[in-house]
Every structure is written in structure tokens, then in C-alpha cells.
There are 2 protein chains.
Amino acid sequence: MRKPALRQQLDVSWNSVFGDFSRDGQPLNIQIRRMIVHAVETGTLPANMRLPPSRNLAATLRIGRNTVTSAYQQLIDEGFLVSRQRTGIFVADIAPKPESTAKSSGEDKVWRDRFIVEPSKMRQHSKPRDWQSYPYPFLFGQYDPELFPTNNWREAVRATSSVQEIQGWAGDMIDDDDPDLIEQLRVQVLPRRGIFAAQGEVIITVGSQQALSMLVNLLVGRDTPAAVEDPGYPDMRNMVSLATRDVRFLTSDEHGVVPDQVFAGAKVAFMTPGHHCPTTIVTPIERRHAILEAAERDDVLIVEDDYDADLSIQEDGNLPSLKSLDRTGRVLYVGSFSKVVAPGLRIGYIVAPRPVISELRVLRRIMLRHPPTNNQRTLATFIALGHYRQHLNKAGAAMLERSALMERLLPKYLPTCRTSRGRGATSLWVEGPPSMDARRLVELARRKGVLVEPGDIFFSDPAAGRNFFRLGFSSIPAHRIEPGLVRLAEAVRECV
Amino acid sequence: MRKPALRQQLDVSWNSVFGDFSRDGQPLNIQIRRMIVHAVETGTLPANMRLPPSRNLAATLRIGRNTVTSAYQQLIDEGFLVSRQRTGIFVADIAPKPESTAKSSGEDKVWRDRFIVEPSKMRQHSKPRDWQSYPYPFLFGQYDPELFPTNNWREAVRATSSVQEIQGWAGDMIDDDDPDLIEQLRVQVLPRRGIFAAQGEVIITVGSQQALSMLVNLLVGRDTPAAVEDPGYPDMRNMVSLATRDVRFLTSDEHGVVPDQVFAGAKVAFMTPGHHCPTTIVTPIERRHAILEAAERDDVLIVEDDYDADLSIQEDGNLPSLKSLDRTGRVLYVGSFSKVVAPGLRIGYIVAPRPVISELRVLRRIMLRHPPTNNQRTLATFIALGHYRQHLNKAGAAMLERSALMERLLPKYLPTCRTSRGRGATSLWVEGPPSMDARRLVELARRKGVLVEPGDIFFSDPAAGRNFFRLGFSSIPAHRIEPGLVRLAEAVRECV
């Protein structure tokens, strides 16, 4: 049981450190020292935390002050505490700090039994966390420090940090969005994809990931036949698999999804016609019409994940989105600013018929209320000032330069691989020789400073993607491309 | 309102471009630029249209000519305008936009049949969206413009807008958090509630709403007996009701939740022992120990929603959180910066045993990846600079002043009502005379500029809360309290 004295005289936090202190136990000085050392070693007391003044601790524990000061002094001598003149005694920064295992580490097994879902059991897409420190990151859709519009972004941040602007974004929007961002989307962003949406037909999300997740929540129940691409975006497959027992895999050919019997049997189909993930196939206009006709005939809802729309290289104009061709209001459109501005901001959106958006607003409210409003407002201001358009031009030019380089160099450096890239895409899908194990390639390349993504993660059956990998160029500066490919070529030779 | 001057001195068409110009809004240069960009993008200003000479526009808007010329120049640099020698400045011919062909309206009935869940059918907590325009907002937990630490926040924003910092937050963290925010939480925030957490025992969320929502996803299945408070936080009840068919209502008395048979039968219990929502009851220490003992005996997991912890008035020290007393690792702790900094930022967190946090990271990744990193980093910097502690002191002093006023004035103005407030709480729970319909009171008060929250929304059976309302004072300046109560007293008299 707790000592009442502790609660009265010390900050409550010290309870869990000295709560077991007893006048009848080991010598008092030793008890104090072992309790502090234990708390420091287990990370319970973090570095730089201030200890209670010796007078207070002594009074609380009802022991002499000398006992405390001498305990503190010993711990200072031993490096667990540090004394800072005139400010007090603090926990030292002893490294490395072991993680706490004391009271709060439940046993894994016990917890497994308590979980309703076990997301960690799913296969995960993994990129090295420290990818920015690799010289040759052939990754797709990551932040590119070279292209980020730093000064223009800062201008937008400053503009939204005035007292009046803060008043506009600091409050609880409940289920609303920043009206200015909705307006900028409608006026400046969506029309680029041929989409003209009314105010009530757009909702902002925490990246396109949350957009997809909410649509799954709203449309996919335990027994809903829901179809995803295969190969396809792994987290899309994961989300749908968590929601329904009836996951189906859409048939694909060189034009993207085939509107066949699998498609017809689904209630919802999640697809990426703009650039199929991961093959980058662009679904041609005739196929788009065929998909929409089948969707109407068979009453299939389509979620169009147009994740990289604005990052696309405008090589000779993009095709209209499925959503823009949809005459029956059954395409739910998902977009994102992650690829083209920065993933760290987490801003995406859904365009859908009004009844869907109304329901999503309530769903979003109980899931997280709304995406942070300050970021919405900063992005809106960034777009409103014309910076977005300017940024797209700059990024587009950079992507065009890089894609030309890639096209020119690949036959030379990867002659044994088959590469393909849909029009406008900023990554390539690469099929190595049958003998190649792409997982091994990824590891060999990594050791040479080159990052590429293994292909198997995109397939429901990993074996089917064994000799595939993805080669992105949206995050690698042009001058790094050739030296990177030289090293990648070495790695390919070593693992074939 | 249109400015008459505009119509007099400029061609009438410029009215719709600069009509919203205000000397009190965003910086003038920014206003001018965003208005022109908007007009160009929407086609309001067609290509090749000549802009007003800078001298004329400056005179019309009553601003310096330099402001106009520099705005024009920036837009020329960005390609929205072109300058033609000796003739003036014109709208550039930016890419044409495709015509809309899509039809995006869906019929409600059709959509109802497609939804797996219909969140909009649930009873919702509603506050007027424009509550900031009411003079007497007796609301709980809203943003208070008077208290927001504007300058210190701006300092933190500036500090996290350097090129290097942007590089730190702009990327995709996948399932990670800003390590600095985790550190600040561990060192400066959690110890205030007696909680010492290791790095792997904390995860950041998009407000506490997402924290609760993820815990429901992880722990509550279709048949899981899950218990919530009644009365209680309506969205908590809503979330649990969406997840399970077996919602149970915890027994409560004047000390909060009673660890009885209902409690024992639940697999998870969601509760607010710090300040019960909405009654503000503080669960005393003996009851806290009793709840923990029962939880261990009956194997009940506890989600402790400590939503207003740091906003609490430190009247004579707070009790240790349930989590800090927990020896068996079964309390999952939820906290938030919404109440004490700003709801618009959407930053909350969960402290839980490592296996839970690991699973939540994957769940969060597929739900939305991670909360925006720039906000995490700005908040971390704000705390690290000592601004958070300073802000808590300032807010605490303001709350103390307001609570003293409320305690003094309530017996005078609401003699027919029974008010109660748990120690440290920033709202009161008010029971009107049996004849009072609080919904009517809310409406009558609103017409007098006074906002209070109806109590029925907190009850599973709305009739049980018919004559209750919540009276918050965390968002109303002290000098508005008495005039507000005068008007509220009138409304009470009118509706009894």
C-alpha cells in the first residue's frame, strides 16, 4: 500500500519510484540508492529529470536529510545522477538505456489472446527507416529534399501563424474541414484530373491511407465480396483482409484490370487505373469505359486510388480519371498530397457522392474528428498563392529529366532485366531473370548504398513476385542515377 | 461586403476579384496574390486580360503601390501573369481545364443499402459551429483564444521550419513517431501523472479520439463484452456500439465507477477516473485501488481516458492516475493535448505495455500511417523550450480565477439548480429542477448569446438526462462570466 506521506509532500510521480520504501527493510541509504538506480536503469526515470530536493524527500520518507544527501552524492559519484549548480540534481544520461521491463511489460502470449485482430501478422512493406542516408535511393514516392518548395512553404506557414489565422485553425472543427482547402481542391487541384466536385462531395483525410481505410470501414463487412489488385498495394490487401473473409483478386492484363466475372462478383473493387501499383500500367481509355460499363451493369462500386496523380510526368497529357468519366456516381476517388508535396504532412482526400461524404464525416469524427487544421490551412494558402502549380512544374521537369536518363541507361546497365513504365510514371517495374531472387538483390544492392524495393510484397502469393523489383526515381537526384545504376548492375550480376 | 471605392475607380469586373480584400486579414501582399491566382484558376480572369495599373489598384485598395508591384512581380515569376513592354501586365495563358462530364450525385436510398455501418444514425454531440461568435460560451474543452500561447507557439513553428528540420519531418515515417515528442512526453508530460514509460510504451495519435478508436479496434470484436460509463462520453459509447453487440454500462456512484459484477463481466472497461465525463467526479484513491484489484481478479482491461489531465486546476495536487498505480500492466492510458493546447492540432497519445503498442503501430499504419510529423515536431520543440510548463501555469491560474468566480456566483444566479464539480475540473455538472427541459434551456440561452451543453446526449437513455446540463468555463474569459450567468439565470426562469 502507498504511504500517505508520499502523496502529500512529493509530486505524485515519485510514488512509483519510492513507493516500496520501508523503514524496516535494508539500510535506508541503500534502499534509496537501489530504488533510484533501478529506476534509472529500467528507464523509469528518464535522463535529465530533476530529483526532489533532499529536504523534501527526507521529510516524505521520514528519514534524516543526511541520508538522502549522501545517497545522492554516491549516485553522482557513480554517474547515475548529475548535479547542476543552483538548479538541482538530475538523472544522468546513461546510454544505452535498456527498455523498461518492470511492471508494464505484459507477456506477449497473454496479450495475443486479448487482441481481436493481429495486424502485425500481415506481411508488411518495409523500407529502411534511414533511407535518406543512402546515396542511391531508387524508391518510389518518398520525400525529395531537392524538390521540396522550402521558401514557398515557409511563406504559407508564416501566413497561417497570425493571431487571426490561429483563431481560425486552433479550434475543434468536430467533423468539418478547412473550407479554404476544400475550395482550393475544387478550383485548382481536381480540375486537373477532369473532376469538378461540389463542396459537399469532398472530405479531407490523414493521407490517402486514411481515405482507403475509411472507405473499407464504410463499405466492407465480414462477408462483403471485396476485390483488390494482385499484384497490388500491400496495405490495401491488408486492410481489406482485416475487414472481410471474402477477399477476391481482380484479373489483370497489360491494360490493367479486366472487367470479368471476378470483377462482376465484387461489391467493391479497389483499383489504381492511373498507374497500377506496382507495375505502373496505365489503363487505356477504352478499358476505362469498359470497366465503368461493367460496374454499372454488375452494380460494382469502384474505389479509384489515384495516389500519384499530380506527380505524373505530363509527357503528353494524362488520361481523364475514372471518376471524371463516371456517369452513375459509383466511382469514389482517393487522392493525396503525400507524393507531390510531402508524406509527413499526411493530407489526402476523397471525392464521392454526397451521401457517402456525409457518412464519412461521422465515421471520421468518431475515428479521429478531423485532420489537423493548421496543416490544412497552410496547404490551402500554399495552393492559393500559386505555389502548388509552380511546384508541380518544377517537380515535373525534374521527373522528366530523370525518366529520360533512366530510359537511356537501363538497357546498358540492366540488359538481363525486363523493365516497364507506364506513361508518366515515376518508377519502373523490373522483372529479373528467372534465377534471380529479388530479396537477395535488395540486400546486395543495399550494401552498395543502393535501395530498391522487392516485388514479392505486392503479390498475394510472394513466390509469384520472386524475381521482380520496383525501381523508383522520384527521390533520387539526377546526378546520382548513373552511379547508382552501375552499382545496381553489379548487384544484379552477383545474384543471378 | 463590397467596397464602394472599388466600383468607382476600377473596372467593374475587378469587384469579384478584390471584393473580399480586407486591411485586417492576412498580409496584404498575400491577399492580393491569392485573389488573383483564384480568379485566374477559376477562369474569372480570362487569359490575356489586362490587369489594373499598380497605381490604380493601390489607390483603390488604399495600400502602398509597392505592395501591388511586388505582388504582380511574384505572380509574373510564377507564370500566372505576363508583363508586356510598354503595354502593361496581363493574365497568362495557363493550361486549359477539361470539361466536366461526370455525374456525381447518388440517390440516398441506394447508398444506404451499400453501407456496412451507418454512423450518422447515432446520436451526436453537437455544438454550434460558430460558437466563437457567441459572447458567453460556457463550453468545455474548447480552444480559448485568450490563453493560446501565440508567440511561443510561433517560435516553435519557426524553429521547425528550417531546411534541416523540414528534412526531418517531411518524409514518410511509415509507422514511427517523432522521437523527440516521445522523449518530451516521457520526460516532461507523463511524470506529472506519475507515469514513467519506456520508449516502446508510447504511441502518438491524431487526438485522443483516434487513441480510443484504435483501442476499440484492437480489443473489441463483435461479441466482446465491453463496458462504458453511463452517463459518459457519447462518442465512446458510439465507438463501442459500432464494434460490439455486447455493450454494457458500468455502475457508478458518487465516487465514480463501482467495481461490481458488471465490471467483472467486461473484457474491457473504458473509464474517466480523473474527471468523470460529464459529472466531473474524481474517483478517490481507495476506489482506484479497489478498481485495480477487481480488474486483476476478474481479468478486466482498463482504458483510462485522462482527457483533461493537464488542464486540471492544481487546487491541492492531483491524485495519481490509475495507470501509475497499476502493477499488472492492464491499464491502457490515453491522453491529449487538445484540451490544454489546441484541439485543431489533433495530438494525443497512448501509454501501454509494449505488445499493445507494437500492435497499435501496425494498426495505425494501415489506418493512416502516422499523425503529421511537422506538428509532432513543433509540439516537441514547444515542450522542450519550457513553453508547455509555462503555459500550464498560465492556463491553471486563469482556470483557478474562473472557478472561484463560478463557485461564488452560482448560488446567487442558479438557486434552483444543483451544481457539482470535481476537484480541479473546468466544468460543472448541473441538475435543474425536475420540470426543466434542458434542451429547451439550451435553445433559450443560445438566443441570449449563452452556450451551454444539454445533458441528455451523455446518457444511453436520453430521458434520464432531461434536466441536466454541462456548464464549462475553460473557454470563457473571466469578465464574461457574471453577465453570462445573469442571462443564463433568465433562461432558467423562463423554462422552469
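A.B. asks: A description of the overall build of chain A should follow, citing residues and the corresponding values.
C.D. replies: Broken down by element type, chain A carries 19 helices and 17 strands. C-alpha atoms of chain A, sized along the principal axes, occupy 85 × 55 × 50 Å. The buried share of chain A, taken over its 496 residues, is 62%. Across chain A, every contact between residues at least 6 apart in sequence was considered, and the portion connecting residues at least 24 apart equals 72%. Surface summary for chain A: the accessible area is close to 18200 Å², and the carbon and sulfur share equals 49%.

A.B. asks: I'd like to hear about the interface of chain B and chain A, residue by residue, with values.
C.D. replies: Contacts between the two partners involve 129 residues from chain B and, on the opposite side, 127 residues from chain A. With both sides pooled, the region where chain B packs onto chain A buries about 10900 Å², and carbon together with sulfur makes up 56% of that total. Inspection of the chain B/chain A interface yields eleven salt bridges. Measuring nitrogen to oxygen at the nearest pair gives 2.5 Å for the salt bridge that ties D235 of chain B to R365 of chain A. Linking chain B to chain A there are 41 residue pairs in polar contact (both at pLDDT 80 or more). Broken down by element, the residue count for the side of chain B that touches chain A peaks at ten residues, all from helix α15 (residues 354–368) of chain B. In the side of chain B that touches chain A, the residues fall into 55 nonpolar, 39 polar and 35 charged.

A.B. asks: Please give an account of the nonpolar core that cites residues and values.
C.D. replies: F337 and L471 of chain A together with F337 and L471 of chain B are the most contacted members of the largest nonpolar core, which has 140 residues in total. Beyond its immediate stretch of four places on either side in the chain, F337 of chain A contacts L185, V189, A342, I347, Y349, L379, I383 and Y388 of chain A. Ranked by size, the runner-up nonpolar core spans 72 residues in total, among them V362 of chain A together with M214, L218 and M236 of chain B.

A.B. asks: Break down helix α9 (residues 179–189) of chain A for me, with residues and values.
C.D. replies: Among the residues making up α9 of chain A, those that are buried are L181, I182, Q184, L185, V187, Q188 and V189 of chain A. Of the surrounding secondary structure, the elements contacted by the buried residues of α9 of chain A are β4 (202–205), β12 (348–351), α15 (354–368), α16 (373–384) and α17 (387–413) of chain A together with α3 (28–41) of chain B.

A.B. asks: I'd love a proper account of helix α11 (residues 234–243) of chain A, names of residues and values included.
C.D. replies: Counting along an α-helix, one turn takes 3.6 residues, and residues three or four places apart therefore face a common direction. Counted residue by residue, α11 of chain A has eight buried out of ten residues, so it is predominantly covered. When we look at burial in α11 of chain A, the residues that qualify are P234, D235, M236, R237, N238, M239, V240 and A243 of chain A. On its buried side, α11 of chain A packs onto α10 (207–219), β5 (226–228), β6 (247–249) and β9 (268–271) of chain A together with α15 of chain B.

A.B. asks: Explain the pattern of salt bridges residue by residue, including any values.
C.D. replies: Tallied over the full model, the rule gives 65 salt bridges over all chains. With a shortest N-O distance of 3.3 Å, E146 of chain A and R402 of chain A are connected by a salt bridge. Placement of E146 of chain A in the loop between β3 (136–137) and α7 (150–159) and of R402 of chain A in helix α17 is noted, with a sequence separation of 256 residues between them. A salt bridge links E453 of chain A to R470 of chain A, with the shortest nitrogen-to-oxygen separation between them at 3.2 Å. Of the two residues, E453 of chain A is situated in strand β16 (residues 453–454) and R470 of chain A in strand β17 (residues 468–472); the sequence distance between them amounts to 17 residues. Across the pair, exposure class does not vary: E453 of chain A and R470 of chain A are buried alike. Here the salt bridges do not stand alone but share partners, grouping R112, E118 and K121 of chain A together with E359 of chain B into one network.

A.B. asks: Quick rundown of the sheet that holds β5 of chain A? Include the residues and the values.
C.D. replies: All names here are of chain A. Pairing in this open sheet of seven strands is mixed, and the strands run β4-β12-β11-β10-β9-β5-β6 from one edge to the other. What marks the edges here is a single partner per strand, and that holds for β4 and β6. The sheet shows a mean angle of 20° between the axes of neighbouring strands, direction not considered. Two elements, β4 and β12, share four bridges in a ladder whose sense is antiparallel. For V202, the partnering residue across the bridge sits in β12 and is V351. Of the strands in this sheet, β4 and β12 touch α9, which is tilted by about 110° from β4.

A.B. asks: Any chance you could break down the pairing of strand β1 (residues 81–84) of chain A for me, citing the residues and the numbers?
C.D. replies: All names here are of chain A. For β1 and strand β2 (residues 88–91), the ladder comprises four bridges, and the chain directions are antiparallel. The partner of R84 across the bridge, within β2, is G88. Here β1 folds back onto β2, and the loop between the two strands holds three residues, one of which, R86, carries a positive phi near 65°.

A.B. asks: Kindly report on the packing of aromatic side chains, identifying the contributing residues and their values.
C.D. replies: Evaluated as defined, the whole model comprises 24 aromatic pairs over all chains. A ring pair is formed by F459 of chain A and F468 of chain A, whose centres lie 5.9 Å apart and whose planes are at 40°; its orientation type is tilted. An identical accessibility class is assigned to F459 of chain A and F468 of chain A; each is buried. Ring geometry for Y143 of chain B against F148 of chain B: centres 5.9 Å apart, planes inclined by 65°, an arrangement best described as edge-to-face. By relative accessible area, which is 5% here, F148 of chain B ends up buried. An aromatic cluster is built from Y143, F148, W153 and F382 of chain A together with W169 of chain B, whose rings are joined through pairwise contacts. Here the basic side chain of R114 of chain A rests over the ring of W111 of chain A, its NZ or CZ set 4.4 Å away from the ring centre.

A.B. asks: Explain unusual backbone geometry residue by residue, including any values.
C.D. replies: In this chain, D230 of chain A is followed by P231 of chain A through a cis amide linkage whose omega measures 0°. Residue C277 of chain A is joined to P278 of chain A through a cis peptide bond whose omega torsion reads 5°. Structurally, the position occupied by P278 of chain A is in the loop between β9 and α13 (285–298). With a phi close to 65°, R86 of chain A is a non-glycine residue in the positive phi region. For R86 of chain A, the location among the structural elements is in the loop between β1 and β2. Among the residues examined, R86 of chain A registers a relative accessible area of 80% and is labelled exposed. We note that R369 of chain B has phi near 65°; this positive angle belongs to a residue other than glycine.

A.B. asks: Describe the environment of L385 of chain B, naming the residues involved and giving the relevant values.
C.D. replies: All names here are of chain B. Examined against the element boundaries, L385 turns out to sit in the loop between α16 (373–384) and α17 (387–413). Take L385: its relative accessible area is 43%, and that puts it in the partly exposed class. Each C-alpha atom of the pair L385 and E155 lies 9.5 Å from the other, and the pair is 230 residues apart in sequence.

Analysis parameters
Starting afresh in each chain, residues are numbered from 1 along the sequence in its written order. Lettering of chains starts at A and numbering of ligands starts at 1, both following the order in which they are written. Per-residue local features are limited, in this predicted model, to residues with pLDDT of at least 70; the limit for side-chain atom pairs, both in listing and counting, is 80 or more; totals at the level of whole chains, interfaces and linings are taken over all residues. Only hydrogens and water are removed before side-chain values are computed, so all heavy atoms of the structure are retained for them. Each helix corresponds to a stretch of at least 4 residues labelled H or I by DSSP, and each strand to a stretch of at least 2 residues labelled E; elements are numbered beginning at the N terminus. Relative accessibility under 20% of the residue-type maximum defines a buried residue, over 50% an exposed one, and the middle range a partly exposed one, all with a 1.4 Å probe and only protein chains included. Any two residues having at least one pair of non-hydrogen atoms within 4.5 Å are treated as being in contact. Note on areas: Shrake-Rupley, 1.4 Å probe, and residue coverage restricted to the protein chains presented here. Note: buried area is the sum, over both parts, of the accessible area (probe 1.4 Å) each one loses when the two are combined. The salt bridge criterion pairs a side-chain nitrogen of Lys or Arg with a carboxyl oxygen of Asp or Glu, the two atoms within 4 Å. Counting of polar contacts relies on pairs of N or O atoms within 3.5 Å, with two restrictions inside protein: one atom must be capable of donating a hydrogen and the other of accepting it, and residues adjacent in sequence are counted only when both atoms are side-chain atoms. In this count, Pro and Cys sit with the nonpolar residues alongside Ala, Val, Leu, Ile, Met, Phe, Trp and Tyr, while Asp, Glu, Lys and Arg are called charged and the others, Gly among them, polar. Only buried Ala, Val, Leu, Ile, Met, Phe, Trp, Tyr and Cys residues count toward a nonpolar core, and they belong to the same one when joined by side-chain atoms within 4.5 Å. Note: two strands are recorded as paired if DSSP finds a minimum of 2 bridges between them. Angles here are taken between N-to-C directions and fall from 0 to 180 degrees, while the axes themselves are lines fitted to C-alpha atoms, restricted in helices to the stretch in contact. Stacked, tilted and edge-to-face are the three classes applied to pairs of Phe, Tyr and Trp rings, where Trp contributes its six-membered ring and a pair requires centres within 6.5 Å; stacked means planes under 30 degrees apart, edge-to-face means over 60, and tilted covers the rest. In this scheme, Lys NZ or Arg CZ marks a charge over a ring once it lies within 6 Å of the ring centre and within 35 degrees of the ring normal.

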